[in-house]
Amino acid sequence: MIRLKRRRWTERTRILALMLAVMLPATALIAFGVLHLRSIQRDHAVEAAIQRDYQQVLAIADKRIVARARDMAEDARKDFPDLEHASNLDGFLATHPNIAHAFIFVDGKGIDFRSQPELMHSDGEESKEAEMFGKWFDVDATEFIAKLKKIEEESGSKVYLTNNWVQRHDRWEYQSLVLFRPLGAGDRTALAGFLYDSDYLANTFFPKALNAVMPCVTTTDASHPQTGIMVRTMKDKAPMAVSPGWDGGTPELERPFEAGFPGLVLGIKLRGTTIAAMSQRFLRTSFITLGAISVLLCAGIVLTYRNVTREVALAKLKSDFVSNVSHELRTPLSLIRLYAETLELGRLPNMDKQQEYYQIIRKESERLTSLINNILDFSRIEAGKKEYEFRQTDLADLVRSTLESYRFQIEQNGFRLEQKIDEDIPPLKVDREAIARSLVNLVNNAVKYSSNEKFLAVSLYRANGSVKLEVADHGIGIAPHEQHKIFDKFYRVGDPLVHNTKGSGLGLSLVRHIVQAHGGNISVDSGPGRGSRFIISLPVQRTVQEARRATA
Ligand code: ADP
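Reading the values: the criteria
- Residues numbered from 1 in each chain as written.
- Predicted model: local features only at pLDDT ≥ 70, side-chain atom pairs only at ≥ 80, totals over all residues.
- Heavy atoms only, no water.
- Domains from an automatic or database assignment.
- Helix = DSSP H or I, 4+ residues; strand = E, 2+ residues; numbered from the N terminus.
- Buried < 20%, exposed > 50% of the residue type's maximum accessible area, 1.4 Å probe, protein only.
- Axes fitted to C-alpha atoms, helices over the stretch in contact; angles between N-to-C directions.
- Parallel < 35°, antiparallel > 145°, perpendicular 65-115°, else oblique.
- Left-handed = near helix turned anticlockwise from the far one by under 90°.
- Contact = heavy atoms within 4.5 Å.
- Nonpolar A, V, L, I, M, F, W, Y, C, P; charged D, E, K, R; others polar.
- Core = buried A, V, L, I, M, F, W, Y, C linked by side-chain atoms within 4.5 Å.
- Phe/Tyr/Trp six-rings, centres within 6.5 Å; stacked < 30°, edge-to-face > 60°.
- Pairing = 2+ DSSP bridges.
- Near = heavy atom within 4 Å.
- Polar contact = N/O pair within 3.5 Å; in protein donor to acceptor, adjacent residues only side chain to side chain.
- Areas by Shrake-Rupley, 256 points an atom, 1.4 Å probe, with all protein chains shown as cover.
- 1 Å grid on protein atoms, 1.4 Å probe; cavity = no way out; pocket = protein on both sides within 12 Å on 5 of 7 lines; lining within 4 Å.
- Sits in = over half its atoms within 2 Å of the grid points.

**Some thoughts on the domain arrangement of the protein**
The figure often quoted for interface size is the accessible area lost as the parts come together.
Right, on to step 1. The assigned domain composition of the protein is domain 1 (44-273), domain 2 (326-383) and domain 3 (391-549).
Right, on to step 2. Each of domain 1 and domain 2 was reduced to a C-alpha centroid, and the two centroids are 114 Å apart.

**Observations concerning unusual backbone geometry**
Right, on to step 1. One non-glycine residue, His44, adopts positive backbone phi at about 50°.
Right, on to step 2. Mapped onto the elements of the fold, His44 is located in the loop between α1 (2-42) and α2 (45-79).
Right, on to step 3. Accessibility expressed as a relative area gives 46% for His44, which makes it partly exposed.
Right, on to step 4. The phi angle at Phe490 is positive, at roughly 65°, despite the residue not being glycine.

**So, the packing of helix α8 (residues 395-412) against helix α9 (residues 432-448)**
Right, on to step 1. Running from amino to carboxyl end, α8 crosses α9 at an angle of 40°, the nearest separation of the two axes being 10 Å. By the angle class used here, α8 and α9 are oblique. Pair α8 / α9 crosses with right-handed handedness. From α8, Leu395, Leu398, Val399, Thr402, Leu403, Tyr406 and Ile410 reach across to α9, where they touch Arg432, Ile435, Ala436, Leu439, Val440 and Val443.
Right, on to step 2. For the contact of α8 with α9, a count of residues per class yields 11 nonpolar, 1 polar and 1 charged.

**Observations concerning the nonpolar core**
Right, on to step 1. Among the nonpolar cores identified, the biggest contains 58 residues, and Ile65, Phe194, Phe205, Phe206 and Phe261 are the most heavily contacted of them.
Right, on to step 2. Counting residues per element, this core draws most heavily on α2, which supplies 11 residues.
Right, on to step 3. Counting 57 residues, the second largest nonpolar core, distinct from the first, contains Leu395, Ala396, Ile410 and Tyr491.

**Overview of the packing of aromatic side chains**
Right, on to step 1. Within the structure shown, the criterion is met by 28 aromatic pairs.
Right, on to step 2. Taken together, a centroid distance of 5.8 Å and an interplanar angle of 40° make the contact between Phe92 and Phe194 tilted. One end of the pair, Phe92, is in helix α3 (residues 89-95); the other, Phe194, is in strand β5 (residues 190-196), and 102 residues separate them in sequence. In terms of burial, Phe92 and Phe194 fall into one category: buried.
Right, on to step 3. Measuring from ring centre to ring centre gives 4.5 Å for Tyr339 and Tyr357, while their planes differ by 90°; the resulting arrangement is edge-to-face. Separated by 18 residues along the polypeptide, Tyr339 in helix α6 (residues 275-345) and Tyr357 in helix α7 (residues 351-382) bring together distant segments of the chain.

**Topic: the sheet that holds strand β13 (residues 455-463)**
Right, on to step 1. The sheet built from 5 strands is open, its strands ordered β11-β13-β14-β16-β15 with mixed pairing. At either end of the open sheet lies a strand with only one pairing partner, and these are β11 (416-421) and β15 (521-526). Pairs of neighbouring strands in the sheet enclose a mean axial angle of 15°, with direction left out of account.
Right, on to step 2. Pairing between β11 and β13: 6 bridges, direction parallel. Across the sheet, residue Gln419 finds its bridge partner in β13, namely Val458.
Right, on to step 3. Running at roughly 25° to strand β14 (residues 466-473), α9 makes contact with β13, β14, β15 and β16 (532-539) of the sheet.

**Some points on the site of the ligand**
Right, on to step 1. If you check the shell around the ligand, you find 21 residues, and the closest are Asn445, Tyr449, Arg492, Ser504 and Leu508.
Right, on to step 2. Gly507 has a polar backbone atom sitting 3.3 Å from an oxygen atom of the ligand.
Right, on to step 3. A distance of 3.3 Å is found between a nitrogen atom of the ligand and a side-chain nitrogen or oxygen belonging to Ser532.
Right, on to step 4. Protein chains bury 98% of the 530 Å² of accessible surface belonging to the ligand in isolation.
Right, on to step 5. Of the pockets mapped on this structure, the ligand occupies the largest pocket.
Right, on to step 6. Elements with a contribution of two residues or more to the shell around the ligand: α9, α11 (507-517) and β16.
Right, on to step 7. Ranked by residues supplied to the shell around the ligand, first place goes to α9 with 3 residues.

**Focus: the sheet that holds strand β6 (residues 227-233)**
Where strands meet in a sheet, backbone hydrogen bonds hold them as pairs that are either parallel or antiparallel.
Right, on to step 1. In space, the 4 strands of this open sheet follow the order β7-β6-β9-β8, with antiparallel pairing throughout. Each edge of the open sheet is held by one strand with a lone partner, namely β7 (241-242) and β8 (253-256).
Right, on to step 2. Inspection of the sheet shows β6 paired to strand β9 (residues 264-270) by 7 bridges, in the antiparallel sense. From the neighbouring strand, Gly228 faces β9, where its bridge partner is Lys269.
Right, on to step 3. In the packing of α2 onto the sheet, the strands contacted are β6, β8 and β9, and the crossing angle to β8 comes to about 35°.

The structure is reproduced here in structure tokens:
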């Protein structure tokens, strides 16, 4: 008993250890996942990562746009008239319609400032602008020349890109100013340059440049929304030009141009969404995925736990079965041997005694046969090799004759046998031997598990389109929570009353298999101390094929 308890305990600790080995890392993994996601949420890590990416995108855009502008300016500079032919500024403007104004400044000589004819304003705005530039260069020309030298030394570029603001119709307009040393300037303090107007920048240059940097990608994937960038002046929140992906609204991130376009700002944002929304979606998806994985993991653990417990229980039942069967085999065998030896010695006083001994030997060998039949049937069923021979059978006759061959034995055990077989039982297609074995198993159980009141009732009747074979006793009964388990293979109720009785735990599982193979079912109505009633229901109208299909 103590050993049994210890074995159960070690089994339990083994299962527990196994479960812990799976559960602990799984829980740790889930907890780590949740904490990690929480920290991402708390630190706005997704937003920060996207912002960092955007900073880089804007830095690259800045460089590319300025490089494009510089190339364009360099090309134009090559066509620019030298100091000797300075008067040809109009010709230069005529061949470069995108340039609004061009000028040459020579210290002491002043500025020669020309504009595209369509930009010539009647209110003398050009002359005002020329005057302003003249004054500016009077003061800063040497500084600009030094700057140009530095740029050339550092990058090989001969142009300096800067800006100029002009006030038109109460608005400040942005102009891109390109400065360089005119050809043939020598040591003279001379500067040449031209201006791109804000119209050209806003309508032509920047749209093209932005499109080159951030082309329109048609995508329907909501997890990869399109990015849009825009350029605006520092004096105005509204964009001056936008890339094709721009859908209005406030930029997520802004960055002033580092060089080339001072006074302009680059902005970037997602089309149709925001970084915060994206981050939230990312976190939501991650939490949902983690939740789903956790649920699956828990389900897996529960399933594994149930399987392992079932396997352990089955292993225990199997080992109990081996000891039960060995015990069951040994008892009749030793009885047979004992009585046969006594008979052999011929010491029995009278014929009656001899007869009694022969009967015992027969009874015990019958018990042996039925046990071995059960085991053989069981092994056939387990191997999927059990076959039934369905034949048209008079069930009433089958039940009657089976009981008849057991009547003597039953009554000898002190049982009162009540037999109630209705007359209207239709012939059924059944396997005679299997049905007889089922009845014998039920009758044997009734005999085995009755202690005080030795009563056995077998009835056969029709009800609800089926034939019912009922075996009832007034024995020890079965507790309700055990009733669904008794039909499992190897299962025996853990009651001491049962343990004192020999058994293999196979009988009822065989009966259930047989009955189901006939397309029927078996049920039990029982309670501790009030006896048991096993009812086999066999359908009347079923064909053999149907029954086979039902079993399959
Ligand atoms: P076995 O009788 O060899 O143990 P069975 O499969 O025939 O195996 O029965 C399984 C269990 O169901 C028995 O161990 C017993 O606990 C219980 N049982 C079966 N028939 C009866 C009955 N008529 N009365 C009380 N308990 C029963």
